[in-house]
Amino acid sequence: MKAAKSSPVGIDLGARYAKIAVNGESSVRMARNRWGGRFTSAVVARAGKGWLVGAEAEQAFVRFPESAWWGTMRRDGASGDIFIGGRRWKAEEALAPLFLSLREDAEVELGRVVSSCVIALPVGFPPQRRDVVDRTARVAGFDEVAFVDKPVAVALSSGVDGKFFVIHVGAISTSASVVVVEGGKGHLLESRSIDIGGADFDVSLARHLQEKVCDLRLDEGDPRWRALLFQAEELKEALSFVEKASWFPVAAGFANVRELAVSRGEIASLYFPLVDSILKLCEPLWRQCGRPKVILAGGGSRLPALKVQIAARLSKPIPLRFPPEEAEAVGALLSAQEERTPHVLASNVGIVTAGGDAALILKCGTRLPARSTRRFAVMGGGRMNVRVVKGKADLALGDIVGDLTIEAADGEEVTVTISADVGGTLSASISSMRGLLAHKVFHLGPQASDFYGRREKAKAMRAKMARLAAGLSPHHKRRLEKLLDSLKDLEDGDDKLWERGVSLLESLTSRLEEEKADGSPERDVV
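A.B. asks: For this particular structure, what's the right way to read the nonpolar core?
C.D. replies: It is characteristic of soluble globular proteins that their nonpolar side chains tend to be buried jointly. Counting residues in hydrophobic clusters, the biggest one holds 41 residues, and the most contacted among them are Phe165, Ile167, Leu228, Leu306 and Leu314. Per-element accounting of this core gives the leading share, ten residues, to helix α7 (residues 264-288). If we ignore the near neighbours within four places in the chain, the residues touching Leu314 are Phe165, Ile167, Leu279, Cys282, Glu283, Trp286, Val294 and Gln309. With 34 residues, the next largest nonpolar core counts Trp69, Leu95, Cys117 and Ile119 among its residues.

Laid out in structure tokens, this is it:
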């Protein structure tokens, strides 16, 4: 007899905080951690022979930064070995205590065992780092692990269907994405990002505060600077709700400095260059995609200065059912309840050698993420260029993705490896017995399946056929409905089958139109 499958939890693994959403008896909610908060600091620290996580690790970081690690989702990532407390650790060894803490908090919240999760990750998250996160979650006791793109999770958390422009302001970056939600399914159509996030706003405010009380520029290793950064984050959050807030420099180590007041207007001018850069990323894509409804989410999204500029230059963000900083975790949980549409590679990907020969590496329609290798023998030797290309048919005439340059001997055997993920990140490398010869990472754009386009096509054909079927007999109407249902079944299918189905129905439509136009008696054209 099989054990009952546990309902999954949704995890938002951020650069600043990790959050976990659970499905309670009556509603979706955020699980509280062992310190009573809804968010767990995404930091781990080594103390003696054990690990500290969350608030305890954060305190250790302020006092002994070398003993702690914030690298979970930072720009430098977590795919290899890391140093904590003067010792080398594998990334999954350091991350596992954080995941274990999240799982235990969820189990306490729900009163049952949790063994399944969906993790929200940024678009284009590198495959190597995704693999580390997957292995770590399994080490921490999650038997089933799935992933969802953060913009899709945010759109799903809205609880309504439609086309959305999702602006996600994280701790270290901001993304602008176009997402379609239909029937509870989310589909990523386009995404762009910029390396500006909540941490950059914190640094800007911290420098401003420091200039108020100190003539010297504090070094990043100075304990006062680390304390000042935490205070800047707290002030930023407070000024999202009030016009003025008090700052206590003494708490950051500045002796004999009295309490100071900081106003929202004072920091708006500090933030404007950062806000303007974010809007310059968003504006062209928003217009290009038909000015969809705007959703603003992420831990850094509460900034009044950002909201004002988005409302003025795009449109006013729509209200969400959950706080914007909880949207990713909630959406990740909701994505587990949908019937997933496979993400597939939108084109063939391969290489063209210096001699002009094309070789297919990854086939169009391959489910993502995907990885494939092929071996080749070098002819001629010397320095040569290997071109990575993509296309639907003849790769020799395909679009150029990028170039890899290698030095190889005549007759030397080389291995070409290409991998691609759902976010459109493509990694290409060439290696031989001598080691790695070349490696580059390219961005193809999100490779979600064309499900949304097919759905729109099927809708249009159904409406047209409904008008034409008005004069048909009940028998022929039933047969027509069966054909349309068959087309719906092909929406997630192979490209050739879909195209053949559309072609047959378009041919049938033309014949029905001709019959209706000349007033001929009904024939068995269905």
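A.B. asks: It is not clear to me how helix α4 (residues 150-157) should be interpreted in this structure. Could you clarify?
C.D. replies: For an α-helix, 3.6 residues make a turn, and residues three or four places apart therefore share a direction. Counting buried positions over the eight residues of α4 gives eight, a clear majority of the element. Regarding α4, the residues found buried are Lys150, Pro151, Val152, Ala153, Val154, Ala155, Leu156 and Ser157.

A.B. asks: How should the sheet that holds strand β14 (residues 185-194) be read in this particular structure?
C.D. replies: A sheet is described by the order of its strands in space; here four strands give the open sequence β14-β13-β12-β17, paired in mixed fashion. For this open sheet the edge positions go to β14 and β17 (293-297), each flanked by a neighbour on one side alone. Along the sheet, successive strands turn relative to each other by an average axial angle of 25 degrees, direction set aside. Two elements, strand β13 (residues 174-182) and β14, share nine bridges in a ladder whose sense is antiparallel.

A.B. asks: Help me out: how do you make sense of the packing of helix α1 (residues 54-63) against helix α6 (residues 223-238) in this one?
C.D. replies: The angle between the axes and the distance between the axes are what describe a pair of packed helices. Close contact between α1 and α6 brings their axes to 8 Å; oriented N to C, the two are set at 140 degrees. Across the interface between the two elements, Glu58, Phe61, Val62 and Arg63 of α1 pack against Pro223, Arg226 and Phe230 of α6. Looking at the contact of α1 with α6 residue by residue, the classes come out as four nonpolar, no polar and three charged.

A.B. asks: It is not clear to me how the packing of aromatic side chains should be interpreted in this structure. Could you clarify?
C.D. replies: Applying the stated rule across the entire model yields three aromatic pairs. With centroids separated by 5.8 Å and ring planes inclined at 50 degrees, the aromatic side chains of Tyr17 and Phe39 adopt a geometry described as tilted. One end of the pair, Tyr17, is in strand β2 (residues 17-23); the other, Phe39, is in the loop between β3 (28-30) and β4 (40-41), and 22 residues separate them in sequence. The ring of Tyr17 has Arg16 lying over it, and the distance from NZ or CZ to the ring centre is 4.4 Å. For the cation-ring pair, Arg34 lies above Trp35, with the distance from its terminal atom to the ring centre recorded as 6.0 Å.

A.B. asks: Would you take a moment to explain the confidence of the model for the protein chain for this structure?
C.D. replies: When pLDDT drops low, the exact placement of atoms in the prediction is not to be read closely. Put simply, the protein chain has an average pLDDT of 80, and 84% of its residues get 70 or more. Under a pLDDT of 50 for its full length, residues 446-452 has, in the predicted model, 34 contacts with residues more than four places off or in other chains. Confidence over residues 521-526 falls short of pLDDT 50; this stretch has 19 contacts with residues more than four positions distant or in other chains.

A.B. asks: Help me understand the environment of Pro122, please; the structure alone is not making it clear to me.
C.D. replies: With respect to the helices and strands, the residue Pro122 is situated in the loop between β10 (116-121) and α3 (127-139). The spacing of Pro122 and Ser173 is 51 residues in sequence and 9.6 Å in space, taken between C-alpha atoms.

A.B. asks: Please clarify how the sheet that holds strand β18 (residues 348-352) should be interpreted in this entry.
C.D. replies: Backbone-to-backbone hydrogen bonds join strands into a sheet, with any given pair of strands oriented parallel or antiparallel. Spatially, four strands are ordered β19-β18-β21-β22 in an open sheet, and the strand pairing comes out antiparallel. For this open sheet the edge positions go to β19 (358-362) and β22 (399-408), each flanked by a neighbour on one side alone. Direction aside, neighbouring strands of the sheet carry axes that sit 30 degrees apart on average.

A.B. asks: Just checking my understanding: could you explain the pattern of salt bridges for this structure?
C.D. replies: Any two side chains of opposite charge can pair if their charged atoms end up close together. The tally for this structure, following the rule as stated, stands at 22 salt bridges. With a shortest N-O distance of 3.2 Å, Arg16 and Glu58 are connected by a salt bridge. Here Arg16 is found in the loop between β1 (9-13) and β2, whereas its partner Glu58 is found in helix α1, with 42 residues between them in sequence. Across the pair Arg135 and Glu92 runs a salt bridge, and its minimum N-O distance is 2.9 Å. Taken together, the residues span a long stretch of sequence, with Arg135 in helix α3 and Glu92 in helix α2 (residues 91-110) at a distance of 43 residues. The structure contains a network of salt bridges with shared partners spanning Asp276, Lys280, Glu283 and Arg313.

A.B. asks: Sorry if this is basic, but what is going on with the side chain of Ser157 here?
C.D. replies: Inspection of the secondary structure puts Ser157 in helix α4. Here Ser157 falls in the buried class, since its relative accessible area comes to 1%. Leave out the neighbours within four places in its chain, and Ser157 touches Arg321, Phe322, Ala327, Val330, Gly331 and Leu334.

Criteria and thresholds
Residues numbered from 1 in each chain as written. Predicted model: local features only at pLDDT ≥ 70, side-chain atom pairs only at ≥ 80, totals over all residues. Heavy atoms only, no water. Core = buried A, V, L, I, M, F, W, Y, C linked by side-chain atoms within 4.5 Å. Buried < 20%, exposed > 50% of the residue type's maximum accessible area, 1.4 Å probe, protein only. Helix = DSSP H or I, 4+ residues; strand = E, 2+ residues; numbered from the N terminus. Contact = heavy atoms within 4.5 Å. Pairing = 2+ DSSP bridges. Axes fitted to C-alpha atoms, helices over the stretch in contact; angles between N-to-C directions. Nonpolar A, V, L, I, M, F, W, Y, C, P; charged D, E, K, R; others polar. Phe/Tyr/Trp six-rings, centres within 6.5 Å; stacked < 30°, edge-to-face > 60°. Lys NZ or Arg CZ within 6 Å of the ring centre and 35° of its normal. pLDDT = per-residue confidence, 0-100. Salt bridge = Lys/Arg side-chain N within 4 Å of Asp/Glu carboxyl O.

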